[in-house]
Amino acid sequence: MDWFRVSPVVEGVYRFAEPLGLADRSWEVSWVNSYLMVGCERAALIDTGLGFVPIRPLVESITHLPVIVLNTHSHWDHRGGDSEFEQVAIHGAEAQSLLDRPDLDALRRTLSRPGARPFLPKGFDPAAYEVKPKKATLLLGGGETVDLGGRRLRCLPVPGHSPGGLCFFEEETGLLFTGDNAYAGTMWLQTPDAEPARLATGLRRLLAMDPSPRLLLPGHEEAPVGAGLLTDIEAGLNAALDGRGRSRRTRLGRRFDFGRFSILLA
Ligand SMILES: [Zn+2]
């Protein structure tokens, strides 16, 4: 079985899903999603995944148009393939972290367990795995429109999961690429660079948009997801921040469960 599970979302948009959770449950993440949107003149790759195997050959099996990478944020699980591409965009607040070599020792250890091996790509060596630094060629601040020829993506700043979080929105179709700002799984807001209250504000702004998002394409787990998830996460996050709702201490943080998603706070 190929490592990337490829599925069409709508005409010209593809989901590339990586089954991290089969090999390693410790991150409470089952799938890592990247997306390809093909326009008439160029294509956008929204995030580049784990980098366990090269993603560029997969992109080139679908299109030979020039590709611009649009990073939703700089966390290692979404930028593993950035260095394979010439054109890479990210929010200015995270340009520096795109140059970092993240500390992946814990991941290398869990991926090296014998039980993980059958679920990893053939020939993949966890001990040699690294996420390569990449210098961004385009810094975004939010508000820009990326024109692919016949399709346009608007960049929306949604800080909170990370300082320079971005969502990408195609107004004509209502597709919203949410990155890690909204997904139907365990949402990480317990890390030192997270600001959960800012995320709540950003989600409120997304919900107030006109036209409103119709379909979410998140950075993790099930995709696409109906836009109702945004409403639910905004409500859940506010409940968690207000101290309403029950939480329990877990290894990763204070965990609030809301059915199809959970929120981790510090
Ligand atoms: Zn992530």
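Trainee: Quick question: what am I supposed to make of the pairing of strand β13 (residues 215–218) here?
Mentor: In summary, the side chains of a regular strand alternate between the two faces of the sheet. Pairing of strand β11 (residues 175–179) with β13 involves 4 bridges; the strand directions are parallel. Note on β13: the bridge partner recorded for L175 is L215. Sheet topology note: the β13/strand β14 (residues 225–226) ladder contains 2 bridges and is antiparallel. Bridge assignment links L216 to a residue of β14, and that residue is V225. Between the end of β13 and the start of β14, which pair antiparallel, lie 6 residues, with E221 showing a positive phi angle near 65 degrees.

Trainee: What's the story with unusual backbone geometry in this structure? I'm lost.
Mentor: As a rule of thumb, non-glycine residues mostly have phi less than zero, and peptide bonds are mostly trans rather than cis. Residue P211 is bonded to the preceding D210 through a cis peptide linkage, with omega at 0 degrees. Residue placement: P211 occurs in the loop between α4 (196–207) and β13. Following A223, the chain continues to P224 via a peptide bond in cis, the omega torsion being -5 degrees. By the element assignment, P224 lies in the loop between β13 and β14. Although it is not a glycine, E28 sits at a positive phi angle of roughly 55 degrees. Residue placement: E28 occurs in the loop between α1 (20–23) and β3 (32–38). In the Ramachandran plot, D47 falls in the positive-phi region, its phi being about 70 degrees despite a non-glycine side chain. Locating D47 in the fold gives a position in the loop between β4 (43–46) and α2 (56–60).

Trainee: What is the right way to look at the packing of aromatic side chains in this model?
Mentor: Evaluation of the coordinates by the stated rule reveals 9 aromatic pairs. Ring centres of F4 and F16 lie 6.3 Å apart, and the angle between their planes is 65 degrees; on these two criteria the pair is classed as edge-to-face. Of this pair, F4 sits in the segment before β1 (5–10) while F16 sits in strand β2 (residues 13–18); the two residues are 12 residues apart in sequence, bridging distant segments of the chain. Through successive ring pairs, a cluster of aromatic residues spans W3, F52, F124 and Y129.

Trainee: Just checking my understanding: could you explain the coordination of the zinc ion for this structure?
Mentor: Under perfect tetrahedral coordination by four donors, a metal shows angles of 109.5 degrees; under perfect octahedral coordination by six donors, it shows angles of 90 or 180 degrees. Donor atoms from the polypeptide that bind the zinc ion are D77 (OD), H78 (NE2), D180 (OD) and H220 (NE2), placed at 2.1 to 2.3 Å. If you look at the zinc ion, its 4 donor atoms make angles of 87 to 167 degrees with each other, and the shape they trace is irregular. Site description for the zinc ion: donor spacing in sequence, D-H-x101-D-x39-H. Remark: H220 occurs in the loop between β13 and β14 and D77 occurs in the loop between β5 (67–70) and β6 (87–91); sequence separation between them is 143 residues.

Rules used in this analysis
- Each residue is numbered by its place in its chain's sequence as written, counting from 1.
- Thresholds applied to this predicted model are a pLDDT of at least 70 for local features of residues and 80 or more for the giving and counting of side-chain atom pairs; totals over whole chains, interfaces and linings are not thresholded and use all residues.
- Excluded from the side-chain calculations are hydrogens and water; all other atoms, namely the structure's heavy atoms, are used.
- At least two DSSP bridges between two strands are required for those strands to pair.
- In DSSP terms, a helix is any run of H or I states spanning at least four residues, a strand is any run of E spanning at least two, and both are numbered starting from the N terminus.
- The pairing test for Phe, Tyr and Trp rings, Trp by its six-membered ring, is centres within 6.5 Å, and the orientation test on the planes gives stacked under 30 degrees, edge-to-face over 60, and tilted for anything in between.
- Only N, O and S atoms count as donors, using a 2.8 Å cut-off from the metal and 3.2 Å for Na, K and Ca, and because water is excluded some sites may appear unfinished.
- Key to geometry: four donors with every angle between 85 and 135 degrees are tetrahedral; four donors are square planar and six octahedral where opposite donors lie over 155 degrees apart and all remaining angles lie between 65 and 115; all other sites are irregular.

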